[in-house]
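# Topology and contacts: notes
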Amino acid sequence: MQKTLILWDIDGTILHSSGAGMRSLNEALTTVFGLSGTFEGIDFSGRTDRAIVRQVFARFGIEHTPENIERYLDGYVALLPTVLAGSDARVLPGVASRLEEAAARPGVAQGLLTGNVRRGAQVKLGHHGLWDFFPVGAFADDSEQRNDLGPYALERARGHWGVDFSLERVWIVGDTPHDIACARACGARALAVATGMSSLEELRGHRPDAALPDLSDAGAFWAAIGA
Ligand SMILES: [Mg+2]
């Protein structure tokens, strides 16, 4: 049987952290570097954590060294569970059911393709009990550029399932034009979902293979994926 691979974005697609990620990054500025200030104007949407760190360091005059990046991300991941616990972070409509359906279908495999660092992804998904759905993934640890991440996810999925997934059966599900671009960059299909910062209209302008207002309609989701 031909197998379909679904690669999920996290923020704005699976869940909404209600600013917990940004707040943890902001507080880590203080705990790690003794600095404080606003993140206004920093572009978070669809960016990898490492791309966000680059912007934060430029804004606050922190030297962009591997050591500083590591210290800052350690500080961020350490704060994240507490900040999440005090937030109204939530799983987006229909997602938990779609993940369960995907896990139950023998013809479907699923993993992550996210701008989060791996440890941050684990905390965010683990907060809602969703981490175990994803045996493989590509993360900001692999590259600062989201468009580089597809091949990492594909390679790990091929290794894990022993299947040479054909690209017309690989779907990247995400909430921003960056997710659509990322699918294009590795030859996969793009399913855009308007549960993040971008409207359905805007997403459609970037010509994804499919676009949905949210993931609450099982029929619409599986018809789009074709599995
Ligand atoms: Mg997203």
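Residues numbered from 1 in each chain as written. Predicted model: local features only at pLDDT ≥ 70, side-chain atom pairs only at ≥ 80, totals over all residues.

On domain assignment, one finds that the protein chain holds domain 1 (4-17 + 90-225) and domain 2 (20-85). Distance from the C-alpha centre of domain 1 to the C-alpha centre of domain 2: 24 Å. Listed per partner, the contact involves 19 residues of domain 1 and 16 residues of domain 2. Where the side of domain 1 that touches domain 2 is concerned, the elements lending two or more residues are α5 (118-126) and α7 (177-186). The dominant element in the side of domain 1 that touches domain 2, judged by the number of residues it contributes, is α5, at 4 residues. Per-class residue counts for the side of domain 1 that touches domain 2 are 5 nonpolar, 8 polar and 6 charged. (Domains from an automatic or database assignment. Contact = placed C-beta atoms within 7 Å. Helix = DSSP H or I, 4+ residues; strand = E, 2+ residues; numbered from the N terminus. Nonpolar A, V, L, I, M, F, W, Y, C, P; charged D, E, K, R; others polar.)

Quick look at the packing of helix α1 (residues 20-33) against helix α3 (residues 66-85) now. Between α1 and α3, the least distance of the axes is 8 Å, while the angle of their chain directions is 125°. The angle between α1 and α3 places the two elements in the oblique class. Like other packed secondary-structure pairs, α1 and α3 cross with a definite hand, here right-handed. On α3, the residues touching Ala-20, Arg-23, Ser-24, Leu-25, Glu-27, Ala-28, Thr-31 and Val-32 of α1 are Arg-71, Tyr-72, Gly-75, Tyr-76, Leu-79, Leu-80, Val-83 and Leu-84. Split by residue class, the contact of α1 with α3 holds 10 nonpolar, 3 polar and 3 charged. (Axes fitted to C-alpha atoms, helices over the stretch in contact; angles between N-to-C directions. Parallel < 35°, antiparallel > 145°, perpendicular 65-115°, else oblique. Left-handed = near helix turned anticlockwise from the far one by under 90°.)

Attention now goes to the sheet that holds strand β4 (residues 108-113). Across the sheet, 6 strands lie side by side as β5-β4-β1-β6-β7-β8; this open sheet has parallel pairing. The open sheet terminates on both sides in strands that have one partner only, identified here as β5 (137-138) and β8 (210-212). Each of β1 (4-8), β6 (170-174), β7 (189-193) and β8 touches helix α9 (residues 218-225); the most contacted strand, β8, lies at about 165° to it. (Pairing = 2+ DSSP bridges.)

Before going further, it helps to spend a moment on α7. Where burial is concerned, most of α7 is hidden: 7 out of the 10 residues are buried. Those residues of α7 not exposed but buried are Pro-177, His-178, Asp-179, Ile-180, Cys-182, Ala-183 and Cys-186. Looking at the buried positions of α7, the neighbouring elements they touch are β4, α6 (149-161), β6, β7 and α8 (200-205). Gly-187 lies just past α7 and shows a positive phi near 85°. (Buried ≥ 20, exposed ≤ 12 C-beta atoms within 10 Å, placed from the backbone.)

A few words now on the nonpolar core. Membership of the largest hydrophobic core comes to 61 residues, with the highest contact counts inside it found for Leu-7, Leu-113, Trp-171 and Ile-172. By residue number, the principal contributor to this core is α3, which donates 7 residues. Those residues in contact with Ile-172 that lie beyond four places of it in its chain are Leu-7, Leu-113, Asp-179, Cys-182, Ala-183, Ala-188 and Ala-190. (Core = buried A, V, L, I, M, F, W, Y, C linked by C-beta atoms within 7 Å.)

Bringing helix α2 (residues 49-60) into the picture now. Taking 1.5 Å per residue, 12 residues should reach 16 Å; α2 reaches 16 Å between its end C-alpha atoms and fits that length. Taken together, the buried positions of α2 are occupied by Asp-49, Ile-52, Val-53 and Val-56. Axial view of α2: buried residues confined to an arc of 100°, hence all on one face. Close packing links the buried residues of α2 with α1, α3 and α5. Positioned one or two residues after α2, Gly-61 has a phi angle of 65°, which is positive. (Expected span 1.5 Å × (residues − 1). Arc of directions from axis to C-beta.)

At their nearest, the axes of α3 and α5 sit 10 Å apart, and the two run at 10° to each other. Classed by the angle they form, the pair α3 and α5 counts as roughly parallel. Residue-level inspection shows Tyr-76, Val-77, Leu-80, Pro-81 and Leu-84 of α3 in contact with α5, the latter providing Arg-119, Gly-120, Val-123 and Lys-124. Of the residues assigned to the contact of α3 with α5, the class counts are 6 nonpolar, 1 polar and 2 charged.

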